[in-house]
Structures are given as structure tokens and as C-alpha cells.
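# Fold and geometry: a report
The residues making up each chain are set out below.
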Amino acid sequence: MTYKWDFGPILQYWSIFRIGLEYTLGFTVASAVVGMAVGLLLTLARRSGWKILSIPAGAVVEIFRCTPALVQLVWCYYALPVVLGLSLAPATAALLALSLYGAAFYSEIFRAGLDSIDRGQWDAAAALGMTPVTMMRRVIAPQALRRMTAPLVSQVVLQLKNTSLISVVTVPDLVYQGQMVASATYKPLEVYTTIAVIYFLILFPLTQGARLLERRRHG
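Definitions and cut-offs
Residues numbered from 1 in each chain as written. Predicted model: local features only at pLDDT ≥ 70, side-chain atom pairs only at ≥ 80, totals over all residues. Heavy atoms only, no water. UniProt positions renumbered as here; feature names shortened; annotations may be inferred. Helix = DSSP H or I, 4+ residues; strand = E, 2+ residues; numbered from the N terminus. Salt bridge = Lys/Arg side-chain N within 4 Å of Asp/Glu carboxyl O. Buried < 20%, exposed > 50% of the residue type's maximum accessible area, 1.4 Å probe, protein only. Expected span 1.5 Å × (residues − 1). Bend = angle between axes of the 7 residues up to and from the residue. Axes fitted to C-alpha atoms, helices over the stretch in contact; angles between N-to-C directions. Parallel < 35°, antiparallel > 145°, perpendicular 65-115°, else oblique. Left-handed = near helix turned anticlockwise from the far one by under 90°. Contact = heavy atoms within 4.5 Å. Nonpolar A, V, L, I, M, F, W, Y, C, P; charged D, E, K, R; others polar. Phe/Tyr/Trp six-rings, centres within 6.5 Å; stacked < 30°, edge-to-face > 60°. Patch = residues over 30% accessible without salt bridge, like charges linked within 9 Å, V, L, I, M, F, W, Y side chains within 5 Å. Areas by Shrake-Rupley, 256 points an atom, 1.4 Å probe, with all protein chains shown as cover. Polar contact = N/O pair within 3.5 Å; in protein donor to acceptor, adjacent residues only side chain to side chain.

## Points about the UniProt feature "transmembrane region" (unreviewed entry) in the chain
UniProt annotation of "transmembrane region" (unreviewed entry) refers to residues 23-45 and 191-213 when read in the numbering used here. Note that residues 23-45 is 100% helix and 0% strand, and that its end C-alpha atoms are spaced 32 Å apart.

## Topic: the pattern of salt bridges
Note on pairing: side chains with opposite charge can pair once their charged atoms come close. This structure, assessed with the given rule, holds eight salt bridges. Its salt-bridge partner being Glu-62, residue Arg-65 comes within 3.5 Å of it at the nearest N-O pair. Of the two residues, Arg-65 and Glu-62 are both situated in helix H3 (residues 51-65); the distance of three residues between them amounts to about one turn of the helix. Its relative accessible area of 35% is what places Glu-62 among the partly exposed residues. Put simply, Arg-46, Arg-47, Glu-62, Arg-65, Glu-108, Arg-111 and Asp-115 are held in one network by salt bridges that share partners.

## Here we look at helix H7 (residues 132-162)
Between its first and last C-alpha, H7 extends only 36 Å over 31 residues, short of the 45 Å set by a 1.5 Å rise per residue. At Ile-140, H7 shows its strongest bend, of approximately 50°, with the proline Pro-142 following within four residues.

## Details of the packing of helix H6 (residues 119-127) against H7
Where H6 meets H7, the axes come as close as 10 Å, and the angle between the chain directions of the two elements is 160°. What the angle tells us is that H6 and H7 run roughly antiparallel. At the point where H6 passes H7, the crossing takes the right-handed sense. Only Met-135, Met-136, Val-139, Ile-140 and Gln-143 of H7 make contact with H6, whose side of the interface consists of Gln-121, Trp-122, Ala-125 and Ala-126. In the contact of H6 with H7, the residues fall into seven nonpolar, two polar and no charged.

## Structural notes on the packing of aromatic side chains
Counted by the stated rule, this structure contains six aromatic pairs. Note on Trp-5 and Phe-7: the rings are 6.1 Å apart at their centroids and 15° apart in plane angle, and the pair reads as stacked. A relative accessible area of 49% means that Trp-5 is categorised as partly exposed. Grouping aromatic residues by their ring pairs yields a cluster made of Tyr-3, Trp-5 and Phe-7.

## Concerning the packing of helix H2 (residues 14-46) against helix H5 (residues 90-115)
As a packed pair, H2 and H5 sit with axes 6 Å apart at the nearest point and diverge in direction by 50°. With respect to their mutual orientation, H2 and H5 come out oblique. Between H2 and H5 lies a crossing of right-handed hand. Partitioned by chemical class, the residues of the contact of H2 with H5 number 17 nonpolar, six polar and three charged.

## Thoughts on the environment of Ala-93
With respect to the secondary-structure elements, Ala-93 resides in helix H5. For the pair Ala-93 and Val-171, spaced 78 residues apart in the sequence, the C-alpha separation amounts to 9.7 Å. If near-sequence neighbours (up to four positions away) are discounted, Ala-93 is found in contact with Leu-73, Cys-76, Tyr-77 and Leu-88.

## What to know about the UniProt feature "domain: ABC transmembrane type-1" (unreviewed entry) in the chain
Those places that UniProt annotates as "domain: ABC transmembrane type-1" (unreviewed entry) correspond, in this numbering, to residues 21-207. Between the C-alpha atoms that bound residues 21-207 there is a distance of 19 Å. The span itself is 83% helix and 0% strand.

## Description of helix H8 (residues 174-185)
The end-to-end C-alpha distance of H8 is 16 Å, a good match for the 16 Å that twelve residues give at a rise of 1.5 Å each. Of the residues one or two after H8, Tyr-186 is the one with positive phi, at around 55°.

## What about a nonpolar patch on the surface?
A contiguous nonpolar patch, built from Tyr-3, Trp-5, Phe-7, Leu-11 and Leu-189 and spanning about 530 Å² of accessible area, is present on the exposed surface. Summarising the element assignment, Tyr-3 is placed in the segment before helix H1 (8-11). Owing to a relative accessible area of 37%, Tyr-3 belongs among the partly exposed residues under this scheme.

## Section: the environment of Arg-46
Following the sequence through the fold, Arg-46 ends up in helix H2. Residues Arg-46 and Ala-97 lie 51 residues apart in sequence; the distance between their C-alpha atoms is 21 Å. Not counting chain neighbours up to four residues away, the residues in contact with Arg-46 comprise Ser-54, Ala-57, Gly-58, Val-61, Ser-107, Glu-108 and Arg-111. Within the structure, Arg-46 has its side chain in polar contact with the side chain of Ser-107 (distance 3.5 Å).

Put into C-alpha cells, the structure is as follows:
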């Protein structure tokens, strides 16, 4: 029996896909911004030289790097409220899990970027009498940022892919809305093909941009 593809019914639900896409992009941007901010704080704590800060920060990074994002998402939604004795909305739990998961990887990118700067640059800036803040702002950060741009873009791409997981806690992202459309149309193959195409159209330019930045950095 040959399956007959029919995308006609799917197109009638485009407004639902659009809503899901808005949630997906919104969570990507929000979790990336929060993740970078938390990741930067973790990096500074790990480089502070104070064990009271560096050890907990390192532990947080390793825990979130070494456990699956889906497990973290489910744990934040179901277990964290039990531990804290409060309830979390699905969107709050999803944003928290994605942000912390991303923060662990952003922290590693920041750490690698700073470590890639030759020690002589640090020593020269210190010899000129620069304060640590001035040294970071005028000498170290501009060089490190150029080296970190491509990995940061790549991590944002992964962040966008990970948003497909938030449907398991009923956040109405693109995948969740697709599930609703599939239930209404009985066309799961067409629905998930449509979702795949949408993701590809967004992610392909981003991945190409990351590759271009990487080639320029090594060029």
C-alpha cells in the first residue's frame, strides 16, 4: 500500500504552527540570554581563586554538562517543586532548565576563550598598571570574544534544537502545536515533515554562519 502524502490539511493550521514557532524562538532567545549571563558568572566564580566560589561553580557546570537536557527539564518541572515546596509553571520550569543547561556549556566556552589568550597579554596589561576590570575590558575581552563568537553561535543552535524538548511539560512550542495538529488531522507524517522543514530553514543559515565565523577565525 502506497502512502498518499497530503499537506493540504496541514496548511489550514499554519496559524497554530506560527504560534508554536513564536514560543520556540522566544524560549531560544530567553534561555540563551539567561544562560550566557549565568555562564559568565560561573566562569568568573571558577576563575576567582576562591575555593568557596570555584568548587560549587565547577560542580554546577559538571552536573548540568553531564546529564541530559530532557532529564533536567523533567526534574525541574516535577521534582524541584517538591524539593522547594512550591509550584512552577511549565514555562518557568522549561526556561530554568534550558537556561541552566546552556549556562554550563556557555561557561566552558567563556573559560576556553579566556584561557586561549596568551599569558603575556595578561602580564603586559598588569605591567601597565591596569586594574583587573580595565584589563578585561580593554585587552582580554575583545580578543577572547572574537575567538568565542563561533562556538557561542553553535551553542545557540543547540539551544534552539533543545527547545523541542519543552513540549513534554506542555509548553506550546512548535513540536507541541504539531502534536495537536497531528491529532486533529491524522497526518503525523506531514506534520513532522513540516516541523522538520521549519527547523531546517531556521537552523541551516545559523550553522552556515557559525562555520563562516570559524573559518574566518582560523583564516
